[in-house]
Amino acid sequence: MTKNKKLLLIDGNSVSFRAFFAMHNVLDKFVSDDGIHTNAMYAFNNMLDIILREEKPTHALVAFDAGKTTFRTEMFSDYKGTRAKTPPELMEQLPLIQEMLNLRGIKTYDLKNYEADDIIGTMSRKGEIEGMDVSIITGDRDLTQLTTDKVTVRVNVKGVTETEAYTPEHVKEKLGITPDQIIDMKGLMGDNSDHYPGVEKVGEKTAIKLLNQYGTMEGLYEHVDEMKKSKLKEHLINDKAQAFLSKKLATINCDAPVELKIGDLEYQGDNQEQLIKFYQKMNFNSFLEKMDVEVESSTKELPKIEFSELNDEAIEKIYNYEQPQTLIVESFGENYHVSPIIGLVIESNGHYYGTTDIAILENDKLKNWLADDSKEKYIFDNKKTVALLRRYGCELAGISFDMLLVSYLLDTNDNKTDIGIVAQNYGHQLPTEDEFYGKGVKKAIPEDEQILLNFLCQKAQVINILHDKMFSELKANDQDSLYDEIELPLSNVLASMEIKGVKVDATRLKEMQNDFAKRLDDIEQQIYTEAGQEFNINSPKQLGVVLFEDLKLPVIKKTKTGYSTAVDVLEKLKDKSAVVQKVLDYRHISKINSTYAVGLQKFIQPDNRIHTIYQQTLTQTGRLSSIEPNLQNIPIRVEEGRQIRRAFVPQDDDWEMFSADYSQVELRVLAHISGDENMQEAFKEDYDIHAHTAMRIFGLDSTDEVTPDMRRKAKATNFGIVYGISDYGLSQNIGITRKEAAQFIDSYFEQYPGVKKYMEDIVKFARENGYVETIMHRRRYLPDIHSKNFNIRNFAQRTAMNTPIQGSAADIIKVAMINMQKRIKDENLQANLLLQVHDEMIFEAPKSEIPLLEKIVPSVMDSAVKMDVPLKVGFAHGKSWYEAK
DNA sequence: CGCATCACG
DNA sequence: ACGTACGTGATGCGG
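Residues numbered from 1 in each chain as written. Chains lettered and ligands numbered in written order. Predicted model: local features only at pLDDT ≥ 70, side-chain atom pairs only at ≥ 80, totals over all residues. Heavy atoms only, no water.

- As annotated in an unreviewed UniProt entry, chain A carries the name DNA polymerase I and comes from Companilactobacillus allii.
- Regarding chain A, the relevant UniProt record gives this comment under Catalytic activity (unreviewed entry): "DNA(n) + a 2'-deoxyribonucleoside 5'-triphosphate = DNA(n+1) + diphosphate".
- Per UniProt, chain A has the following entry under Subunit (unreviewed entry): "Single-chain monomer with multiple functions." (UniProt positions renumbered as here; feature names shortened; annotations may be inferred.)

### Let's talk about the domain arrangement of chain A
- Along its sequence, chain A is organised into domain 1 (1-173 + 258-288), domain 2 (177-252), domain 3 (307-476), domain 4 (611-676 + 776-792 + 803-885) and domain 5 (677-775 + 793-802).
- The straight-line distance from the C-alpha centre of domain 2 to that of domain 5 is 41 Å. (Domains from an automatic or database assignment.)

### Section: the environment of glutamate 487
- Take glutamate 487: it is sitting in helix 23 (residues 480-500).
- The buried category is assigned to glutamate 487, whose relative accessible area is 0%.
- Sequence separation between glutamate 487 and isoleucine 818 is 331 residues, and the spatial gap between their C-alpha atoms is 9.5 Å.
- Leave out the neighbours within four places in its chain, and glutamate 487 touches Leu405, Leu409, Leu482, Gln616, Arg778 and Lys814.
- At 2.7 Å, the side chain of glutamate 487 forms a polar contact with the side chain of arginine 778. (Helix = DSSP H or I, 4+ residues; strand = E, 2+ residues; numbered from the N terminus. Buried < 20%, exposed > 50% of the residue type's maximum accessible area, 1.4 Å probe, protein only. Contact = heavy atoms within 4.5 Å. Polar contact = N/O pair within 3.5 Å; in protein donor to acceptor, adjacent residues only side chain to side chain.)

### A word on the pattern of salt bridges
- Per the stated rule, a full pass over the model turns up 42 salt bridges.
- For glutamate 128, the salt bridge identified is with arginine 125, shortest N-O distance 3.3 Å. Pair noted here: glutamate 128 and arginine 125 are both in helix 6 (residues 116-129), with a separation of three residues, about one helical turn.
- For arginine 125, a relative accessible area of 25% puts it in the partly exposed group.
- Lysine 885 is paired through a salt bridge with aspartate 661; the nearest N and O atoms lie 3.8 Å apart. (Salt bridge = Lys/Arg side-chain N within 4 Å of Asp/Glu carboxyl O.)

### What to know about the UniProt feature "domain: DNA-directed DNA polymerase family A palm" (unreviewed entry) in chain A
- Using the residue numbers shown here, the UniProt feature "domain: DNA-directed DNA polymerase family A palm" (unreviewed entry) corresponds to residues 641-849.
- Between the end C-alpha atoms of residues 641-849 the distance is 29 Å, and the span holds 58% helix and 13% strand.

### Digging into the protein's contact with DNA strand B
- Taken together, 22 residues lie around DNA strand B, and Thr565, Val567, Arg587, Ile636 and Asp839 are the ones closest in.
- In the interface set of DNA strand B, defined as its atoms within 4 Å of the protein, sugar plus phosphate atoms amount to 74%.
- At 3.5 Å, a backbone N or O of alanine 566 approaches a phosphate oxygen of DNA strand B.
- In terms of residue count, the dominant contributor to the surface near DNA strand B is helix 27 (residues 578-601) (four residues).
- The residue makeup of the surface near DNA strand B, split by class, is seven nonpolar, nine polar and six charged. (Near = heavy atom within 4 Å. Nonpolar A, V, L, I, M, F, W, Y, C, P; charged D, E, K, R; others polar.)

### Brief notes about the pairing of strand 23 (residues 832-836)
- Of all five residues in strand 23, five are buried, a share of seventy percent or more.
- Here strand 23 hands over to strand 24 (residues 840-846) after three residues, with histidine 838 in that stretch at a positive phi of 70 degrees. (Pairing = 2+ DSSP bridges.)

### A short note on the environment of glutamine 632
- By the element assignment, glutamine 632 lies in the loop between strand 18 (625-627) and helix 28 (639-642).
- It is 9.7 Å that separates the C-alpha atoms of glutamine 632 and tyrosine 614, two residues lying 18 residues apart in sequence.
- When sequence neighbours within four positions are dropped, the list of residues in contact with glutamine 632 reads Tyr614, Leu624, Ser625, Ser626, Gln836, Val837 and His838.
- Looking at glutamine 632, its side chain comes within polar contact range of the main-chain nitrogen of serine 626, at 3.4 Å.
- Here the side chain of glutamine 632 touches glutamine 836 through a polar contact of 2.9 Å, landing on its backbone oxygen.

### Comments concerning the nonpolar core
- Grouped together as the largest cluster of nonpolar side chains are 188 residues, with contacts concentrated most on Leu361, Met403, Ile644 and Tyr662.
- If one sorts the elements of this core by residue count, helix 36 (residues 790-826) sits on top with 13 residues.
- In this structure tyrosine 662 touches Ile812, Ile813, Ala816, Asp839, Met861, Asp862, Ala864, Leu871, Lys872 and Val873, once residues within four positions along its chain are discounted.
- Counting 47 residues, the second largest nonpolar core, distinct from the first, contains Tyr109, Ala207, Met217 and Leu220. (Core = buried A, V, L, I, M, F, W, Y, C linked by side-chain atoms within 4.5 Å.)

### Notes on the protein's contact with DNA strand C
- Around DNA strand C, the structure places 38 residues, and the nearest of them are Lys205, Asn536, Ser539, Ser625 and Phe790.
- Each atom of DNA strand C within 4 Å of the protein was assigned to sugar, phosphate or base; sugar and phosphate come to 60%.
- At a separation of 3.4 Å, a base nitrogen of DNA strand C approaches a polar backbone atom of alanine 716.
- Between a base nitrogen of DNA strand C and a side-chain N or O atom of asparagine 733, the distance comes to 3.4 Å.
- Elements that contribute at least two residues to the surface near DNA strand C include exactly helix 9 (204-214), helix 25 (540-550), helix 27, strand 18, helix 32 (708-723), helix 33 (727-734) and helix 36.
- No other element matches helix 36, which puts eight residues into the surface near DNA strand C.
- Taken together, the residues of the surface near DNA strand C break down into nine nonpolar, 21 polar and eight charged.

Structure below.
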């Protein structure tokens, strides 16, 4: 009779904490009508839906902590001593979470002097005695000590909606010990967040090792005298009392005086009527929709802005108005090089004018207004708007405020290219594109054009409202010239590069595709023969089975999901089986074929050109990125791939491709900002920098003594320095031991003491200011620099070292692009700037202009920014991109 | 839709 | 004791 009963026990406090921080980034967006935050309630309820669906409990209880003092604080006054105070925004939600749970038919409970854990432990044992299956939901791994054959503990991972289920087997698999041994482990290792000590220098790994040997802490201490002399033994003996206390603290009390009987916990299901009221008060529209309750239209619809038709009369007013006006040009579709304009709104002197009749773009006065540089305009995403309008025969000028660019400069994390998100980050209600148009199959233009135009008016309004605030933040950050002189002008340069596009020879790509297809077929057959079976070579999973199980090759590296079959692994296995080299060949050709030979053809437009989109507000460092397609990763390192570049051609037969690139910009930037005299000298004297580095770190007298291998290692070290060096990373990269790598780094810093100082100073700066910046004051915030997590903190430190270098290099080429575009115009050249690949610019130009470009381009590039070391530029030209290198 | 892999700087 | 190089985007697989 009790056979099908299922008891669900939830650790209310720990799940609430998890829920709160999982949705911490949207804290200010989840507020009830009464001004109470609701993010944790929302996430908790989301999780509850999933758990109820999966577990189908007959009985349920959510346990909470009763207060700060418990029997544990009596045993150890400092228990949870360093625990930060619960944020008030969560505090106010805790009673409401209980109320919500009760409305959902679930009992809540707390008990003076005991923690939620103890209530859960106690009730789980009671349930077990009655023969029930028990599921425990918690954010706290320590509860896995409660797992038995009948009790499963599900621990939240990544937020709250996902859990990892611990059975005794899973505990064993994950930790290598039994659930009973967890308290012994905690006793030995202590707990930082609960703030109890354990044994010095013993962490998880050591604790588990000891427990595998001795079973329990008691067993361990019986034999501690027999251990051979070591620091570990000393610590164990010294901290014995602490360890036993910690074990007690870690032990969940399964015999707490809980006055509940299992019968009291019957799951009641939702109290529909009350719950609807509750959800309405909390503005939980998505939960209401799930309950099939009509969501009040007032909560769903945007507030209305009065607007009138954008017609000839309105245009007259707009044209004659002298103050800044705000322009919204709305398109619908994925890629703005092909998607149509669906609406226009202009805000002028507090009035809004809108239309969905795109024929208005033929109005000459409007055209003039758009193109007039003296008519000041506010906008969101200048580059996109320029590209859209150009397809409709309109020019755009006079932009002073591009809210997208400004928001990116203020914080590179706010880069979502979605005005709704930027608005929400500043506390303004504006739907995102997904929210307004819908996602996936549901995505559509609203049938009622009034609704669409109202949305556009809302966008215009937000731009107006935020202009002053964002601009003053920009000034306060000393970023106004970065905006005025770099990002805004650059957006126009990028727009013309995208619009111009680059000519691609589809016929050549097709030929390559056919050739690759034949070769792939051939290699495929050879692989099948040698492997003795047919399988999907492109599936790392299937390939792993063939290589490591059937062919029994040694496993060198594993991934989360199985065997690694990455290049560096296969390179090491080349000698073991002939099939490995063939797999490498297959992969290589398959990549080039699918991504480039085949992939690029899909992007060739009727004008025979490819129009990429440069993302100007995406990267954390200030670089550009290129999408649909990515033209910044066209192959070059391996000849077969490099052939792809033959398909990139100039627009006419008597034109050529011309490419110019900075040599070693990042190292030059490092030499400049670190002020290191030795590195600066190397660049001033135009030495071979890697050979020079080799000479220094290997202690040679002249670069003549540098062997190619020394140079290779020095080069890798230089790269490593730029990336924020670690001995491990360097050792992996050049195949030396970690120790050797550490020595490399030491002698590097000895030779370049300025670099060492820079690395130390920049991390310190990041810690003190919370951000780092480039030579042009581009900022990157690094909140992780204070993380308690070793890995996360180290990553932030490397980022602090790398970002000013990579970012300043990005600043430099951006200036060069702007100057170059201007120069082309001033000199009346036909040449077009087509592409940027981080440290190089690619042009097409009539052959007759090449000699001039050879003079102009390098001089514009190397004079872009004044630094303490010279910039050096190389260049080449030819009948395709392949030759221009 | 996340993961592994690999293309570029 | 921890587990790494910095910054990107596209593809194919498989749940």
